[in-house]
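As a plain string of letters, each chain reads:
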Amino acid sequence: MVKGYVALVDASPACRSGGLVAAFKECGYEAVHVQSVPVRPKFYESVVPTGFAAEVVHHGDLDATLAELARYEPVAVVPDSEFGVAFADLLSERLGLPTNGTAGSAARRDKYVMVEKIKAAGLRGARQLLVTSAAELEEWHRELGGRIVVKPLSSAGSDGINYCDTPEQAVRAYEGLVGTDDIFSVPNDTVVAQEYLAGPEYALNMVSRDGEHHVCDIWTSTHITANGVLDLCDGMVLLPYEGERLDEVVHYAERVLDALDIRHGPAHVQLKLTPSGPCVIEVAARMGGGSTAHYARMATGESQLNWTADAYVRPERFHERRRERYRVRQFVAGAPMISPVEGTLRGYTGLDELKKLESFMGVREFVHPGEHLAVTVNDLTYPLLVELRHEVLESVLRDLATVRYLDGRDFYDVE
């Protein structure tokens, strides 16, 4: 029996494997897909909304969209992707449902406004510049010194991120971004420049209800410099939730959510633990990307998916359990392969060696034999992901390093 409906805004690739649709269905609620624009951005062209009970497409008339959605009497409106965050704020506010509100929507999407709002709350935030001209950027970088990051204002993942050691590099990065579109097909009219943050990187998947926060899973990422890219991510490892260091990281992340008025729903917080303390990289007011929810559930028995469903349709259960710390039963890691070559892929020559690793769980191929293999420069060009799982963390870390040893030019058979 269907208890009711929830609205999910702008389906993400995760819907193919169930995602939030399945999580709410386990609680007895069907999902209605809301598409915030008549034509989805190119990045989502291949995403076919799956498992939804109905679909509502916004054609520009907000009242008409609200009236159509109101027919299902949704109990919650939740963004299913980064692209849907602001529209979910608007719909939930107008329907009188649990909402983060439209007043703070800009700070949850615009990376410059985000960091300024976090700093205004008294938290550590990167020194930054909203770039309006090449000359302004050049002067700012000379005064700041050191390495900086130049990136789009409202994109996602590693799209358009440039690490620049000199003002000349920064200007080239700025000129290379302005006039292009980000992965959501939004023009990069302005970009942001920020100081480069040094220190270990963490990603926290969290869920909130009524301003109370829960930590679902914490990951650390490893990086290498390859193919001309600094800090190219080459591994993600799930960490046990313990120790003073993570307590400090979590306390800071919770205050960041407060500063950004994220009171309801999922959030993904990326930060670095710098010598002067935690400092945010960026925050997304939606589910963590990739397959982190899948891996977290495999490792701990739960994930951001079921916690999000509880927050919206079983809030009493959420509040009763909010302070629980997850316990890792099996450690998991994802190791993306990093291709230094380009051409038509004939095959991967080292797969048999990978399968011999003690913690080997499987591989996910993003580039198949016969398809074009690109040089890996960001998270959109990984050819293969190696999945690792073991009850001993050290075994996973050893095999993660071995994956990197086996990777390289000879791993790829290309024409």
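Here the residue numbers are simple positions, counted from 1 along each chain's written sequence. Where local features are concerned, this predicted model is filtered to residues with pLDDT of at least 70; where side-chain atom pairs are given and counted, the filter is 80 or more; whole-chain, interface and lining totals use all residues. Excluding hydrogens and water, the side-chain figures rest on all heavy atoms present in the structure.

As recorded in an unreviewed UniProt entry, the chain goes by the name Alanine-anticapsin ligase BacD, listed as coming from Streptomyces lavendulae subsp. lavendulae.

Every axis in this analysis is a line fitted to C-alpha atoms, fitted for helices over the stretch in contact. Angles between the N-to-C directions lie between 0 and 180 degrees. The helix count covers DSSP runs of H or I at least four residues long, the strand count covers runs of E at least two residues long, and both are numbered beginning at the N terminus. The geometry of helix α1 (residues 19-26) relative to helix α9 (residues 304-313) is characterised by a closest axis approach of 9 Å and an angle of 55° between their N-to-C directions. Classified by the angle their axes make, α1 and α9 are oblique. As for the relative orientation of α1 and α9, their crossing is right-handed in sense. Residues Gly19, Leu20, Ala23 and Phe24 of α1 pack against Leu305, Asn306, Thr308, Ala309, Tyr312 and Val313 of α9. Residues are sorted three ways: Asp, Glu, Lys and Arg are charged, Ala, Val, Leu, Ile, Met, Phe, Trp, Tyr, Cys and Pro are nonpolar, and all the rest, Gly among them, are polar. Counted by class, the contact of α1 with α9 contains 7 nonpolar, 3 polar and no charged residues. Oblique is the label for every angle not falling under 35 degrees (roughly parallel), over 145 degrees (roughly antiparallel), or within 65 to 115 degrees (roughly perpendicular). It is the rotation of the near helix from the far one that decides the hand of a crossing: anticlockwise by less than a right angle makes it left-handed, clockwise makes it right-handed. Whether two residues are in contact is decided by their heavy atoms: any pair within 4.5 Å suffices.

As for its placement among the helices and strands, His294 is situated in helix α8 (residues 292-300). Along the primary structure His294 and Asn188 are separated by 106 residues, whereas in three dimensions their C-alpha atoms are 33 Å apart.

We now examine the packing of aromatic side chains. Stacked, tilted and edge-to-face are the three classes applied to pairs of Phe, Tyr and Trp rings, where Trp contributes its six-membered ring and a pair requires centres within 6.5 Å; stacked means planes under 30 degrees apart, edge-to-face means over 60, and tilted covers the rest. Applying the stated criterion to the full structure yields 12 aromatic pairs. An angle of 45° between the planes, with centres 5.8 Å apart, marks the rings of Tyr348 and Phe411 as tilted. You can see Tyr348 sitting in strand β15 (residues 343-348) and its partner Phe411 sitting in the loop between α12 (393-406) and β19 (412-414), a full 63 residues away along the chain. Categorising residues by exposure relies on relative accessible area from a 1.4 Å probe, with only protein chains included: less than 20% of the type maximum marks a residue as buried, more than 50% marks it as exposed, and the intermediate range marks it as partly exposed. Given a relative accessible area of 10%, Tyr348 falls into the buried group. A residue is classified by how much of its surface remains accessible, and Phe411, at 2% relative accessible area, is buried. Each member of the aromatic cluster is reached from another via a ring pair, and the members are Phe43, Tyr44, Phe83 and Phe184. A ring is scored as having a charge over it whenever the NZ atom of a lysine or the CZ atom of an arginine sits within 6 Å of its centre and within 35 degrees of its normal. Over the ring of Tyr241 we find Arg325, and its NZ or CZ is 4.1 Å from the ring centre.

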